[in-house]
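Coordinate analysis (summary)
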Amino acid sequence: PYFVEVGGQPRISKQAAQFFVDWVYQRARELSKIEDPETRAALLEDHRKARDYWEDLLKRANAP
């Protein structure tokens, strides 16, 4: 898990968050194989949102 609460405080794992950042970038590169431009654009938008979420979480990580 990337997030747990210890003593009522969030513990966010930097290593886990980085894993998901890397995974989102890897998956986004695969989208170039999708031929339909509308489908590709919609999926890229979802990946951008996921990227932003995980990069924000990575910035707030407070555990190794």
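Use the structure listed above.
It should be emphasised that the depicted structure is a prediction, and the values quoted were computed from it without experimental measurement. Each chain carries its own residue numbering, running from 1 in the written order of its sequence. Selection of residues for local features in this predicted model requires a pLDDT of at least 70, selection of side-chain atom pairs for listing and counting requires 80 or more, and totals for whole chains, interfaces and linings are taken over all residues. Hydrogens and water are ignored here; the side-chain numbers use all heavy atoms of the structure.

Our focus in this paragraph is the packing of helix 1 (residues 14-30) against helix 2 (residues 37-60). The geometry of helix 1 relative to helix 2 is characterised by a closest axis approach of 9 Å and an angle of 160 degrees between their N-to-C directions. By the criterion of interaxial angle, the relationship of helix 1 to helix 2 is roughly antiparallel. Classified by chirality, the crossing of helix 2 by helix 1 is left-handed. Facing helix 1, whose interface residues are Lys14, Ala17, Gln18, Phe20, Val21, Val24, Tyr25, Arg27 and Ala28, helix 2 presents His47, Ala50, Arg51, Trp54, Glu55, Leu57 and Leu58. In the scheme used here, Gly and all other residues not listed as nonpolar or charged are polar, with Ala, Val, Leu, Ile, Met, Phe, Trp, Tyr, Cys and Pro taken as nonpolar and Asp, Glu, Lys and Arg as charged. Residues belonging to the contact of helix 1 with helix 2 are distributed by class as follows: ten nonpolar, two polar and four charged. Interaxial angles span 0 to 180 degrees and are taken between N-to-C directions of axes, which are lines fitted to C-alpha atoms, for helices over the stretch in contact. For helices the rule is a DSSP run of H or I covering at least 4 residues; for strands it is a run of E covering at least 2, with both sets numbered from the N terminus onward. The cut-offs work like this: below 35 degrees is roughly parallel, past 145 is roughly antiparallel, 65 to 115 is roughly perpendicular, and the gaps in between are oblique. Two helices cross in a left-handed way if the nearer one is turned anticlockwise from the farther one by less than a right angle. They cross in a right-handed way if the turn is clockwise. Any two residues whose heavy atoms approach within 4.5 Å are treated as being in contact.

All right, on to the nonpolar core then. By size, the foremost hydrophobic cluster in this structure holds seven residues: Ile12, Ala17, Val21, Val24, Trp54, Leu57 and Leu58. Elements that contribute at least two residues to this core include exactly helix 1 and helix 2. By nonpolar core we mean a set of buried residues, namely Ala, Val, Leu, Ile, Met, Phe, Trp, Tyr and Cys, connected to one another through side-chain atoms within 4.5 Å. Only protein chains enter the accessibility calculation, which uses a 1.4 Å probe. A residue is then buried if its area is under 20% of the maximum for its type, exposed if over 50%, and partly exposed in between.

Okay, the pairing of strand 2 (residues 9-12) next. Taken residue by residue, a regular strand's side chains alternate between the two faces of the sheet. Note that strand 1 (residues 3-6) and strand 2 share four bridges and pair antiparallel. For Val6, the partnering residue across the bridge sits in strand 2 and is Gln9. We call two strands paired when DSSP finds no fewer than two bridges between them. The antiparallel pairing of strand 1 with strand 2 creates a hairpin that spans two residues between the two strands, and Gly7 there sits at a positive phi of about 65 degrees.

The span you would expect from a helix comes to 1.5 Å times its residue count less one. End to end, helix 2 covers 34 Å across 24 residues, agreeing with the expected 34 Å (1.5 Å per residue, within 8%). Within helix 2, burial applies to His47, Trp54, Leu57 and Leu58.

In what follows, salt bridge is the name for a side-chain nitrogen of Lys or Arg lying within 4 Å of a carboxyl oxygen of Asp or Glu. Applying the stated criterion across every chain, the model contains four salt bridges. A salt bridge links Asp52 to Arg51, with the shortest nitrogen-to-oxygen separation between them at 2.9 Å. Its relative accessible area of 26% is what places Arg51 among the partly exposed residues. Of the charged contacts, one joins Arg60 and Asp56 as a salt bridge, the two residues approaching to 3.1 Å between their closest N and O atoms. With a gap of four residues between them, Arg60 and Asp56 both fall in helix 2, about one helical turn apart.

Our next topic: the packing of aromatic side chains. Pairing of aromatic rings covers Phe, Tyr and Trp, the last counted by its six-membered ring, and requires centre-to-centre distances within 6.5 Å; plane angles under 30 degrees mean stacked, over 60 mean edge-to-face, and any other angle means tilted. Counted under the stated rule, the structure contains three aromatic pairs. Taking the centre distance of 5.1 Å and the plane angle of 85 degrees together, the rings of Phe19 and Phe20 count as edge-to-face. Judged by centre distance (4.4 Å) and plane angle (15 degrees), the ring pair of Phe20 and Trp54 falls under stacked. Of this pair, Phe20 sits in helix 1 while Trp54 sits in helix 2, and the two are 34 residues apart along the sequence. Assessed through its relative accessible area of 11%, Trp54 is described here as buried. An aromatic cluster of at least three residues, connected via ring pairs, comprises Phe19, Phe20, Tyr53 and Trp54.

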